[in-house]
Every structure is written in structure tokens, then in C-alpha cells.
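One-letter residues, chain by chain:
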Amino acid sequence: MKKRWLQKALGAALSLSLVLAAGCGSAGQESTAAESAAAESTAAESMAAESTAAESTAAESTAAGAEETQYPLTITDDLGTSVTIEAEPERVVSLSPANTETLFALGAGEMVVGRTDYCNYPPEAADVPSIGTYTSPNTELVISMEPDVIFASDYIDDSIRSQVEEAGAKVIVFAASDLEGVEKNIQLAGQVLNRNEEAAALVEGMEAEMAELEEILSAGHEEKSAFIDLGGYYSAGPGSLLGNMLEDIGVRNVAAETGEMWPQLSVETIIESNPDVYISLYSTPEELRQVAGLSELACIQSDDTLIFYDGLSPEADRIQRAGPRLAEGTRLLAEQVYPELFQ
Amino acid sequence: MRETMLELQDVCAGYGEKKVLQGVSASIGQGEFVALIGSNGAGKSTLLKCVSGLLPLTGGRMEVCGRDNRGLKNRERARLVAVVPQSYSVDYAFTVEDIVAMGRYAYQSFGKKESREDAQAIRKAMEVTNTLEFRKRLYNQLSGGERQRVVLARALAQSPRILLLDEPTSALDIHHQTEVMELITRLNQEEGLTVLAVLHDVNMASRYCGRMILLRDGQVAADGEPAAIVTKKNMEALYQMKLLIRENPLFHKPEMVPIRVLRGERAERPLRIHVICGGDGAGRILEELDDRGHQLTAGVVNQGSTDCEICRYLGIPHVEIPPFTPVTPEAQKENLAMMADADVILTADMPFGVNNLANLDGLEQVKGILFFHKNALSGDYTGGKLVQRLQELGEKKKIVYFGDHDEFLERLREWAVGRKEKSDADRNAAGG
Amino acid sequence: MVLAIAGCLLLVYLCTVLGAASISLGEVNRILLHEIFHLPVSLEGIPSGSIAIIRDVRLPRVILGFLTGASLAVCGASYQGIFQNPMADPYILGISSGAALGAALGIVLHFSGGFAGLSGTTFLAFAGALLTVFLVYAISRAGRRVPISSLLLSGIAVNQSLSAFLSLMMLFNQQSMDQILFWTMGSLNGKGWNQILIILPYAAVGIFLLLTSARELDIMLMGEETAVQLGVQVERVKKKVMVVSSIVTAAVVSATGIIGFVGLLVPHVVRLFTGPRHRVLMPVSLVFGGTFLILCDTVARSAITQEIPVGIITAACGGPFFLYLLRKSRRGGEGR
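Residues numbered from 1 in each chain as written. Chains lettered and ligands numbered in written order. Predicted model: local features only at pLDDT ≥ 70, side-chain atom pairs only at ≥ 80, totals over all residues.

**Student:** Teacher, can you tell me more about the overall build of chain C here?
**Tutor:** Helices and strands together make up the secondary structure of chain C, namely 14 helices and zero strands. For chain C, the succession of helices and strands along the chain, N to C, is α-α-α-α-α-α-α-α-α-α-α-α-α-α. Rg of the C-alpha trace for chain C: 21 Å, near the compact-globule value of 20 Å for 336 residues, within the 12% margin. Here the C-alpha coordinates of chain C stretch approximately 70 × 50 × 35 Å along the principal axes. (Helix = DSSP H or I, 4+ residues; strand = E, 2+ residues; numbered from the N terminus. Rg over C-alpha atoms; globule rule 2.2 N^0.38 Å.)

**Student:** Sorry if this is basic, but what is going on with the interface of chain A and chain C here?
**Tutor:** For an interface, size is often stated in terms of accessible area lost upon the parts coming together. At the junction of the two partners, chain A supplies 31 residues and chain C supplies 29 residues. Sorting the residues of the side of chain A that touches chain C by element identifies helix H10 (267-273) and helix H11 (285-289) of chain A as the ones contributing at least two each. Its residues assigned to classes, the side of chain A that touches chain C shows ten nonpolar, 14 polar and seven charged. (Contact = placed C-beta atoms within 7 Å. Nonpolar A, V, L, I, M, F, W, Y, C, P; charged D, E, K, R; others polar.)

**Student:** Is there a simple way to think about the packing of helix H1 (residues 2-17) of chain C against helix H3 (residues 48-83) of chain C in this case?
**Tutor:** Packed helix pairs are characterised by how far apart their axes lie and by the angle those axes make with each other. All names here are of chain C. For the pair H1 and H3, the least separation of the axes is 9 Å and the interaxial angle reads 140°. Of the possible angle classes, the one that applies to H1 and H3 is oblique. For H1 against H3, the interelement crossing comes out right-handed. Across the interface between the two elements, Val12, Cys15 and Thr16 of H1 pack against Ile54, Arg58, Leu59, Val62, Ile63 and Phe66 of H3. Its residues placed into classes, the contact of H1 with H3 shows seven nonpolar, one polar and one charged. (Axes fitted to C-alpha atoms, helices over the stretch in contact; angles between N-to-C directions. Parallel < 35°, antiparallel > 145°, perpendicular 65-115°, else oblique. Left-handed = near helix turned anticlockwise from the far one by under 90°.)

**Student:** How should I be thinking about the interface of chain B and chain C in this particular structure?
**Tutor:** Across the boundary between the two partners, chain B contributes 22 residues, which contact 20 residues of chain C. Among the elements that make up the side of chain B that touches chain C, the one with the highest residue count is helix H2 (residues 74-80) of chain B (three residues). Residue classes in the side of chain B that touches chain C are distributed as 13 nonpolar, seven polar and two charged.

**Student:** For this particular structure, what's the right way to read the domain arrangement of chain A?
**Tutor:** All names here are of chain A. Domains assigned within chain A are domain 1 (1-64), domain 2 (70-218) and domain 3 (220-342). When each unit is reduced to the centre of its C-alpha atoms, the spacing between domain 2 and domain 3 is 28 Å. Of the residues lining the interface, 19 residues belong to domain 2; the matching set on domain 3 comes to 22 residues. Taken together, the elements giving at least two residues each to the side of domain 2 that touches domain 3 come down to helix H4 (97-105), helix H7 (179-192) and helix H8 (196-217). It is H8 that provides the largest number of residues to the side of domain 2 that touches domain 3, a total of seven residues. Of the residues in the side of domain 2 that touches domain 3, the class split is 14 nonpolar, two polar and three charged. (Domains from an automatic or database assignment.)

**Student:** Where do I start with the confidence of the model for chain A in this structure?
**Tutor:** Looking at chain A, the pLDDT average stands at 82 and 81% of residues meet or exceed 70. Every residue in residues 1-64 of chain A scores below 50 in pLDDT, and together they form 60 contacts with partners more than four places removed in sequence or on other chains. (pLDDT = per-residue confidence, 0-100.)

**Student:** Whenever I open this one, H7(A) confuses me. Can you help?
**Tutor:** Given 3.6 residues per helical turn, the α-helix brings residues three or four places apart onto the same face. Residue and element names in this part refer to chain A. For H7, which comprises 14 residues, the first-to-last C-alpha distance of 20 Å matches the rise-based estimate of 20 Å (1.5 Å per residue) to within 8%. With twelve of its 14 residues buried, H7 lies for the most part within the structure. Within H7, the full set of buried residues consists of Leu179, Val182, Glu183, Lys184, Asn185, Ile186, Gln187, Leu188, Ala189, Gly190, Gln191 and Val192. (Expected span 1.5 Å × (residues − 1). Buried ≥ 20, exposed ≤ 12 C-beta atoms within 10 Å, placed from the backbone.)

**Student:** How should I be thinking about the arrangement of the chains in this particular structure?
**Tutor:** For this structure, the chain pair with the highest number of contacts among two pairs of chains in contact is chains A and C. At the level of C-alpha atoms, the two units chain A and chain B stay apart, their nearest approach being 40 Å.

**Student:** Even after reading the chapter, I still don't get the nonpolar core, so can you show me in this structure?
**Tutor:** Most often, soluble globular proteins have nonpolar side chains that are buried together. Judged by nonpolar contacts, the single largest core of 268 residues is most densely connected at Ile150(A), Phe151(A), Leu36(B) and Val100(B). In terms of residue count, the dominant contributor to this core is H3(C) (20 residues). Setting aside chain neighbours within four positions, we find Phe151(A) in contact with Val92(A), Ser94(A), Leu95(A), Asn99(A), Leu103(A), Ile172(A), Phe174(A) and Ala189(A). Ranked by size, the runner-up nonpolar core spans 39 residues in total, among them Val275(B), Val301(B), Val319(B) and Met339(B). (Core = buried A, V, L, I, M, F, W, Y, C linked by C-beta atoms within 7 Å.)

**Student:** How should the pairing of strand S9 (residues 211-216) of chain B be read in this particular structure?
**Tutor:** If a strand is regular, its side chains alternate between the two faces of the sheet. Residues and elements named next belong to chain B. In the sheet, strand S3 (residues 33-38) pairs with S9 via five bridges, with the strands oriented parallel. Within the sheet, the bridge partner assigned to Val34 lies in S9 and is Arg211. Bridge count between S9 and strand S10 (residues 219-224): five bridges; the pairing is antiparallel. Residue pairing for S10: Ile213 is matched across the bridge by Asp223. Once S9 ends, the chain turns through two residues before running back antiparallel as S10, passing Asp217 with a positive phi of about 50°. (Pairing = 2+ DSSP bridges.)

**Student:** Explain the confidence of the model for chain C here, please?
**Tutor:** Should pLDDT be low for a region, the predicted coordinates there are not to be read in detail. All names here are of chain C. When pLDDT is averaged across chain C, the result is 87; 95% of the residues are at 70 or more. Confidence drops under pLDDT 50 across residues 332-336; counting only partners more than four residues distant or on other chains, this segment forms nine contacts. This prediction of the complex comes with two scores: 0.78 for pTM and 0.83 for ipTM.

Have a look at this one:
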């Protein structure tokens, strides 16, 4: 946690100095770095400035639309790190299934030279050699693929990160926890890879899907509640991807009360909350129905309201991956909770 | 014929590859108090382990109370044989009573309460060992002697027929050593308990035990009454040192007096030394001169004095007279004869009175140099005759006075060196 | 004894009243009277959810807590006895890592079959625990004897290697990593009558058998040689205590996950008050261990809106409490 914060602060300082440098005209990279060290003391204040800077970059790129990306390009990722891309990347490695989906959706599948063991979508991704798992990728393998850019998740270890960076790769971390963040990252990826047009189209499609969903949901209905069981009664609370999705489609999240992002709930709390829908991503319906007390709940007894997506099923991927299929996933959730609206 | 409690026939045992017992045979009868002695590694403790069922035999046969020890269950054996180890500490806060009550385990089973017999046995064991008054105290807060009595009480609570002791007193001071040995002796005599004890204090074994078994290299080297075991030959072989055996005058048991392991430096040229002594002050110098290889004679000593005893132990030729009798002219004649060839005559630390002043008679005639301990002057009971005599003597021969043991040895060395140089010079002169 | 039982029942009642879901005292009483004692009390006006919570969740969870705590404490006391080692606990022979590995296998393979309401994970954890103990036992056996020191050492070694296997398994199955991790933290959440049914027979028979060995365990503390000389069949007692404790612990661990500290600390705390005699130590540990775990689990499920794994609570409460007692008794000068 502390490290993350530090990273953010340092990143902010760096980005601030870059913004200043840009204002002064065409200052060289070296002098900018020197200034960044001097600017460190103002790191805290610069936090705010950094976020607006990032937003403006994103907005700019949207406005730019189909324009060609101008290199060198400086972007700020989800950890607040400023990354400068010197030239159009030719080889990229993805360190998360969601990033792989994004890259392929942008039509940049050809550029992907490495992926994780879990990248199973789109099916073509399987042809790309794997570099291990997303928490502990094989650093040597990653470096041997000579990527220009690595799209990582926030699982990436600081030491691995610095090693691959030393080898010349730029690391961009995507860790969005809502649809907006995902769309922003898709645009950012498009910008980095000079696939601005594709990114704009992709986001447009997602927006359209969400608009359609919103219209369906606006038909008027009673608010329903749901409990997401990630296994062992651990759930997704406010601030998590799933929690935000439930919020987006107007479902009351039983786990929201805890205020925690990944809380474990007592069975009796679940029973007391008596959710309308129970979404299990781990335990099978048979297992859940054998849990004393829980089995009394109406939502557990009916197959319509006890929804089970096995951890590796396409449905589970759709609702858990912060990638281009998230709009589909959101719709899937809405269909499960409010089936009557979709008939 | 009394009942045989422990029968050992060619008992062999060891630890893994290492053979310790190599054919031990012995038969111990009811009511005997037997000491096992022997050097470290001779197999004493190993033998006890075999009897108490901790170590299986690799050969031979062992019967406990007429039953093959191999076939006995631990519980059955515990009713026949109890063990008192060297000493041990317990990390847990058991009371004395808890510990003693454990002795009854072999008579109890789950679900049954402590029987009246158990309670009686526990109480009696604590009474006999004088542990009753602190039965509520914690074992690990007791002193070493108290602990050993508690462990003895636990062994007695087993109501055993044979008591095995493994150096039961080695961790105790003399007071508690004696106390524990007296307790065991009493149990042996009054209760008829058969006792087999590993003891490394031979004198204690000799004093308390009716029989001793000497083990050497895993075999019985000697077996019998203390007088037959505690002999100079056995003990010197056992301890590999200079020692003397005497009868303890209080208990009339043989007693070993250890003397020395490391030998002093040997004199370059052994001297003939005659020591005039007779009280109790010459023991140390006699032993030391003897050890250095000098040829000693002594006289005139009164029978019953320590000096006399020591002359006998060390085998020093000496003239002796009955106690409390004056030195007769005959005795002094004998004395002078012994001095005749002596290089050195030493008058040791001894009080002179009218009875023994005759020791100095006729010394003018012998050639040896006279060394005289100054203490004799302060212990002068002759009314000035001693000083007078010494003056007379001093006019005729050289007298070297010295103050203590070390000074004497130093003076003797100086004199010997001087004499050697002189004789060398004489020889050179003669040769030249 | 009667007092202790009455106290326990009172505690069970109080902890059943307390919980995350707010159900009034009157309602709890009515539900208990109707559902447990089958008295003609009207349940009108009580939501069916509340009935389910009390009858199927809270009450069995409290009972399971007692059973788990009691079993672990008695097994811990027995292990400390036969190993003559104050650091011994029910997991010392590698049961915990064996069970964890079994459970991890169950989680990764995700057996949903199960039997009598128990998941495949539970069965695999139980099997893993027992296999591990047999492995440790077989490794350290020297002829007919099983020396304590080699048991402890091979216990540690097997523990370490199984932990490594577990880490490896987590590495290769990252989607199950969280589940495996949560399992190892130990929890009574979602567990009830089914788990009681698996633990109860083992715990009842096992604890009884261990209690019958109280005298032998006392004597074992004098050292093995002395125990033999006092008539104890040392190897048999060791085998019996080890087999029984292992089975009981395996049953508990497979049902609840790894709950630490109870088996280690409870016997120590109790010993400070009762002294080391197992005839007193074990029954008191049983009662104290049971109540201690009930209390910890009550905190675990109702302190905040989310669940806290009870293993964390036992460690967090138990450690400092024990240190406090230890210091106090040291200052008292008792050489305990």
C-alpha cells in the first residue's frame, strides 16, 4: 500500500514537471529529470494537478478521434505513473486477461507477443506464447520477447517492473474498477498503439450497449438486492468492479453495508439481508443448498435466482474482466437480476 | 538357602554396534545389599537398564524373582523392581505427593480410584523417607537431598522387591549422601529389601554394602565381600593411580585413600635419606620423598602414630617401639644402623620430649648431613636439653635448619647440586 | 463440574443471543424454546429468516465452536504430555499442512459431489491430515520404537515440505489462491449441524480415550525411561495418544480449517491454574478451550459487519493473554 502511494506521489511529481516543461517550450529530457527531483517536495500538492492532467490527456485523445498518435507520447496510467512512449510500439506483452482482450479488440492482436496462462479470449490469443501467471510472470521470458510496451495489471511486482523497464520496455498498468475507467484505458491503449480509430469505435459500441441497457432498466421496476459469493462468502463491496456494476444497474449490493471492498459476510448476515438474487462464482448450487440456514432462503431454493458461474466460465470472465466485454457483462448481470425487463 | 532375586547368566547387551555387557553372570539373593563398582563405561548403568527393562539383552538370560525378565510386562516388572536414578528435575509443577503417587501406577487401572492399599503405601513411603511434612510442596522447589528422598519414596511406593540405585548420591553433598545411604541401609536391614546400587564412591560402597561386584570391560572382574574387593591390586587396576588401602578404624571396613595420579619429578640421583620422626608430622614428606624415588628409612617411630602407619603403607624400613615408651638404647642402636649409610638425615616436624630425645644420640658418628625442622624447637618439652644437644652436635657436624616443607625441598636440592659439583670437581682433579 | 457445565450452557445461550443479525432477546428465546425444546410457543410475527438464523446458523455455530475448541485444547494437552514439550500443539506432526494440502486439492479440483452435506474439500482435508501423520510416524519409526525427537524433527520437515507443495499448488492455480488462503485461516462461517455431525463422534470417543490416558501422561512428563520403570507401556501410550489426537484433530481441521493457538495456549493457561496433573488439566482444558473458542467466534462474527477469520481472533487474543499470565506467574516466583 505504502509503495503504491509512494509510486503515485513520485509519478505525480514527474508528470507535473513534464507539464511544466511542456509549458516552457521544448526542454530536453535530461533537464526535465533534474527538475523532477527538485519538484519532489511539492509532490502532495501535485496529486490534484496530476489527475486533471491525466483527464485532459484522455479528453484530448478522444477529441483527436481518428488522428494519428504523435510520438513521443506521455500518458499517465492507473497507478499514476507517467510513461513516455518514444515511438510506435511494435511488440507488446499483456500481463492480464482483460488487457489481452482489449489489445485484440483494438485489432492489435498481431503485436501481442506474450500473454498470461489465463488469457483465453479471444481464442486467437491462445496462439501467443504465455509468460506465466499474472501475479508471477517469468521475468526472463518477458524480457526475451523484447516488448516495447507491457500492459500490466496492478498485480505486477515492483521488482519485476523495474527489471523489465531496465531491459527497455515501458510498463503501463491498467487497474480500472468501473466501466468509465475501462473505456478510458481502451482509449489510452489505442493512443499508445496508434489505434485511435479502433479505440473510439470500441468505446462507442460499449456506450451504445450501455445506453440500450439503461433504457431497458428505466422501464420502471422495484429495486432488487443481490449477494455476490466469490467463494467462502467473500463478496465484492463498494469500489470493486462487481460492486460498481451492481450500482450501475440499480441493484442493492448486500455486501455494500460493510464498506469494505472484499468483505467476508456471516451466513447469518446474508440470511438476514434475504437477497433477491444470489450470484455464486465459486460454490455450486448443490453445495449452497446444503448449508444449513442458507438453504431456507427463497433465492437459494429457486434456480432462477441462484445464479452460478463457474470461476472459469465465459460468463464469469465477462463480468469480472475490466475489458471490452464489460458492457456485455453488465447486461448479463442485469438480465439475471431483472429478467422480467428483458422478455 | 535364601531366595534368588536376580539371576544373571552370561548377560550381553549394548547400544547398537557398541557392545557394553559381554557375559555378566551373578546371582543376588533376597535381602542382599550389593554395590556395583567399576570405571566409567564398564557397564554398571547398562546392567541396571537391562534389569529395569529399558534395554533388551542381546544374549544370555536374566531372571527377576524367578521370572524371565524378557517376558515381563512393564507393569509387572514395576511391581518387582523400582529404580532411583542419579537425580532429575521435572519441568512441571508436580507436588511431592503427586510424584510419590506415581509409584503406584503399576497397581492402578483407569476408572478405579486410588485404593486404601495405594494410600497406605504412599503414606508409608513418605514416612520412611521423611518427606511427609513437605508432601504439598512442589518437587522442583526442593533441594537436591529432598528431591532424592522424594524419588526414593516414589520407588518405595512401588512396593518393590528389588531396589536399583544408579549413583543415587552423586549429586549430593556429604550430609545428604550419608542420609540417603543410611535410609537405604535401614530399608535393606529392616524391610529386607534387596538393593543393587551403582556407586562410584568405593568407600561408601565398602562401608554400607555387604557385597560388591567389580565390573571391568563388561564382565565381572571380582565379586565378594568388601574386604575381598577393596584391595590394593583391584583398586589400582580400577583407578590407575597411587592409592593405599587401610581399614577404617570406625567401621572396620576396608577403605581406599587416593594418593596421587600424576607422579612428581624423579630425583636425578636418588639419595639415601633417613627420617627421624614418630608423631604425625612426617607423612607428607615421607610420601613425597618416596614418590621422587629416594631411598627412605625412618625411626624411631611409636606404634600407632600416623608416621608409623605411613611407613607401613609405603613400605619404608623403620624402627618401631611400643607406644608411650622411651626410645631405648637398643632401639637407637638399630636406628643408627639404618642411618649409617644415609646421605641425608632429616629430623621432621616432631615434638621432642625426654622419651624421644634419644633419637639424636650418636648422630655424631654418621656421615650424613642433618636437616632440622625449626618447629621442633618450639615444640621442645625437654627443658632445654634439646637446644643443648643440638649445640653439641653442631660443633661436630653440619646442621641445616629449615622452616617448612618447601624450604626443606629447596635446601635439599641446593645441597644435592653442591655435592654433585664438588664430586665432579674431585673427579676432574683426580683425573688431572 | 456442575458449575462448569451450567456456566458453559449459559455462555452458549448468551452467544446465541449475540450476533450480526439483530434479533430481539424475546424472539431468540421463543425460537429456542420452540425449535430446540419443542415447546408450544407461538412463533407468530417472527420472520422465517430469523428462525433459520437461530436454529440453523447461530446455535450450531456456537456448539461447533465449543466442540472445536474443546477438541483442540484436549489434543494439545495430550501432545504436550507425550512430547514432554511445551511447544507441542495439535498441528505439530504436520496435520495442518497435510489438511491444507488436501483442502487445496479439493478446492482446485472443486469436487462438488460431497456426502452428507460435506464437500469433497472436507474429505480430502481429512485424508490429507491422516496421511501426513502416518507419513511422519513412518519416517521417524526406529524398529518398534518411535523416538520423540525424531517425531518432532520429521514433523517439522514434513510440515515445511507440504507447505512448499501448497505454495506451489497456489501458484499454479491462481484463480483458487484466495479460496485456499481463506481455508487456511480457519473459520466457522457457514458451518453448522453437518460439521458437528462429523466432528462429534471423533471428538466424543477421542476425548474419552485421551482422558483415560491421564495417569500415563502425568508419568510421561517424568521422562520416558522413568515412565517405563514405573510400569507404563510407553510406546503403546504414545501410539494411542498420537493416533487418537491425530484423528480428532484431523476431523476438526477438515471441518473448520486451521484454527491456531487454541491447542497450544489453552493447556498452558489452564496448567497455570490447575497444575500439571492431566486428570484435572484435560477436563478443564476441554471446558476452557470450548468456551474460549465460542467467545472468539462470537467476536469474529459480530464485532464488525464483515466476518473475521476466527483463527486471527484466537491468535490476537490468545497470545497477549498468555504472555500476561506467564509474566504474572513468573513474578510470583512459582517455578512453573
